[in-house]
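# Analysis of the macromolecular model
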Amino acid sequence: GKADDEPGTLNKLFRHINFGAEILVSRNVNVLLGYNYLIHQELKMENSGGGAGFSFGFSARVKSFEFVVARNSYITGVGGYTFTLASNVKQIITRKKIRS
């Protein structure tokens, strides 16, 4: 027979799907949300649902630069942060040539 602690069919399906959303606050500001069901199921703590598998962040664009801060959680109450600074170098060079 099937073991009591073995995940069901729907549970197995969701373990292969990640959910994400990007909310456009304004033309240059976005809020980022994500959920990884597999990480949540595998790493959640017994006594609390916790934040394992959840991620969130925001991005802001200023001129030709984009700044992104994101937080993900593998263990309840403990998070990892990612900071990204991105730019289109070709666009910056092209602008400088046009201004010259």
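Preceding this paragraph is the structure being described.
Moving on, we get to the pattern of salt bridges. Inspection of every chain in the model, using the stated rule, returns one salt bridge. Close ionic contact of R61 with E66 constitutes a salt bridge, the shortest N to O distance being 3.3 Å. Residue E66 is classed as partly exposed on the basis of its relative accessible area, which comes to 25%.

This part is about the environment of T82. On the secondary structure map, T82 appears in strand β5 (residues 78-87). Taking relative accessible area as the criterion, T82 reaches 41% and is therefore assigned partly exposed. Residues T82 and R71 lie eleven residues apart in sequence; the distance between their C-alpha atoms is 6.4 Å. With sequence-adjacent residues up to four places away left out, T82 is seen in contact with V68, V69 and A70.

What counts, and at which threshold
Residues numbered from 1 in each chain as written. Predicted model: local features only at pLDDT ≥ 70, side-chain atom pairs only at ≥ 80, totals over all residues. Heavy atoms only, no water. Salt bridge = Lys/Arg side-chain N within 4 Å of Asp/Glu carboxyl O. Buried < 20%, exposed > 50% of the residue type's maximum accessible area, 1.4 Å probe, protein only. Helix = DSSP H or I, 4+ residues; strand = E, 2+ residues; numbered from the N terminus. Contact = heavy atoms within 4.5 Å.

Shape descriptors only; they carry no functional weight alone.
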